[in-house]
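Residue-level structural notes
One letter stands for each residue in the lines below.
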Amino acid sequence: MGLQQFERRLERVVEGVFARAFRSGLQPVEIGRRLTREMDLQRTLAPRGTLTPNHFVITLSPEDADRFAPIEDELVTELVSVARDHAAREDYVFIGPVIVELEVDEHLVEGTLDLASEMTRTGGGATVVLGDGRRIPLGSNPLVIGRLPECDVVLADGNVSRRHAEIRPHGDGWVLADLGSTNGTRLNGFRLTAPRELRSGDEIAVGNSLLHFEMA
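All values derive from a computational prediction rather than experimental measurement. (Residues numbered from 1 in each chain as written. Predicted model: local features only at pLDDT ≥ 70, side-chain atom pairs only at ≥ 80, totals over all residues. Heavy atoms only, no water.)

**Let's talk about the overall build of the chain**
Regarding its fold elements, the chain presents four helices and 17 strands. At a minimum sequence separation of 6, the contacts of the chain that also span at least 24 residues come to 60%. Of the roughly 11,400 Å² of accessible surface on the chain, 46% is carried by carbon and sulfur atoms. (Helix = DSSP H or I, 4+ residues; strand = E, 2+ residues; numbered from the N terminus. Contact = heavy atoms within 4.5 Å. Areas by Shrake-Rupley, 256 points an atom, 1.4 Å probe, with all protein chains shown as cover.)

Here it is in structure tokens:
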């Protein structure tokens, strides 16, 4: 998504009744910058790639927390997207789902923040996150994506084949496979030519829909 798009989307959220409240104090894009910088600073090399934190606790001053309260859910959602997109651009790997929490510290000065991060597997098993925020847990059976009503994930999209793609267990992880679809399946922007192992934070494009894979 990028920080500029993140800022534009949040600007639309705070238009109107809340607009004046965001002309001073801590700005949402500053939190996004701090979060991505934290990911860069805390990254570490591992056998399966470059690991980066996936759990962030952002502490705000009481004044800034009050201003953000009306859009707290939207802000958290957008910050999770910022983390995922930054990881995709830098080829970072998460070991669990991305979690962003907001807390308040009465000793913090308005306009400042603290940010703590960690790599954690908290959050349960692997899931597929749909564009509307729904989470589909993965189990021992393949998860089929397509237009047919009997598919596990049904997408009403003319660009999606009846049985388009599936996510199936493989060893101690999962792989994504295209099922001979007409328009193909993309993983992190690249068209699948063979089944590929999934990593937490991967983006799956099926027709016009984007899904995210998260693994704890």
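Don't stop here, the text continues.
**Some remarks on the packing of aromatic side chains**
Under the definition given, this model contains one aromatic pair. For arginine 67, the ring lying beneath its charged end belongs to phenylalanine 68, and the centroid distance is 5.3 Å. (Phe/Tyr/Trp six-rings, centres within 6.5 Å; stacked < 30°, edge-to-face > 60°. Lys NZ or Arg CZ within 6 Å of the ring centre and 35° of its normal.)

**Observations concerning the side chain of histidine 55**
Relative to the helices and strands, histidine 55 is located in strand β3 (residues 55-60). At 2.6 Å, the side chain of histidine 55 forms a polar contact with the side chain of glutamate 101. Excluding its chain neighbours within four sequence positions, the residues that come into contact with histidine 55 are Ile99, Glu101, Ala116, Ser117, Glu118 and Thr120. (Polar contact = N/O pair within 3.5 Å; in protein donor to acceptor, adjacent residues only side chain to side chain.)

**Notes on unusual backbone geometry**
At aspartate 91, a residue that is not glycine, the phi angle is positive and equals roughly 60°. The residue aspartate 91 is located in the loop between α4 (72-90) and β4 (92-93) in this model.

**As for the environment of arginine 37**
Looking at the element boundaries, arginine 37 is found in helix α2 (residues 28-41). It is 9.9 Å that separates the C-alpha atoms of arginine 37 and histidine 86, two residues lying 49 residues apart in sequence.

**Re the pattern of salt bridges**
In this structure the tally under the stated criterion is six salt bridges. We note a salt bridge from arginine 84 to glutamate 214, for which the minimum N-O separation is 2.2 Å. Here the residue arginine 84 occupies a position in helix α4, and glutamate 214 occupies one in strand β17 (residues 209-214), the gap between them amounting to 130 residues. Under the relative-accessibility criterion, arginine 84 is labelled buried at 11%. Under the relative-accessibility criterion, glutamate 214 is labelled buried at 2%. Salt-bridge contacts for aspartate 132 lead to arginine 134; the nearest nitrogen and oxygen are separated by 2.8 Å. Classification of aspartate 132 by relative accessible area gives exposed; the value is 55%. (Salt bridge = Lys/Arg side-chain N within 4 Å of Asp/Glu carboxyl O. Buried < 20%, exposed > 50% of the residue type's maximum accessible area, 1.4 Å probe, protein only.)

**Topic: the layout of surface pockets**
In this structure, the second largest pocket encloses a volume near 350 Å³. Counting residues per element, the ones that place at least two in the lining of the second largest pocket are α4, β4, β14 (190-191) and β15 (196-197). Ranked by residues supplied to the lining of the second largest pocket, first place goes to α4 with three residues. Within the lining of the second largest pocket, the residues separate by chemical class into nine nonpolar, four polar and seven charged. (1 Å grid on protein atoms, 1.4 Å probe; cavity = no way out; pocket = protein on both sides within 12 Å on 5 of 7 lines; lining within 4 Å. Points joined across faces, edges and corners; volume = space filled by probe spheres on them. Nonpolar A, V, L, I, M, F, W, Y, C, P; charged D, E, K, R; others polar.)

**Re the sheet that holds strand β1 (residues 44-46)**
The three strands lie next to each other as β1-β2-β4, forming an open sheet whose pairing is mixed. Whereas interior strands pair on both sides, the edge strands pair on one side only; in this sheet they are β1 and β4. Two elements, strand β2 (residues 49-51) and β4, share two bridges in a ladder whose sense is parallel. Paired with leucine 51 across the two strands is valine 93, which belongs to β4. (Pairing = 2+ DSSP bridges.)

**Observations concerning α4**
Taking 1.5 Å of rise per residue, 19 residues should cover 27 Å, and α4 covers 27 Å from first to last C-alpha, within 8% of that figure. Along α4, the residues classified as buried are Leu75, Val76, Glu78, Leu79, Val80, Val82, Ala83, Arg84, Asp85, His86 and Ala87. Of the residues flanking the end of α4, it is aspartate 91, one or two places downstream, whose phi is positive at about 60°. (Expected span 1.5 Å × (residues − 1).)

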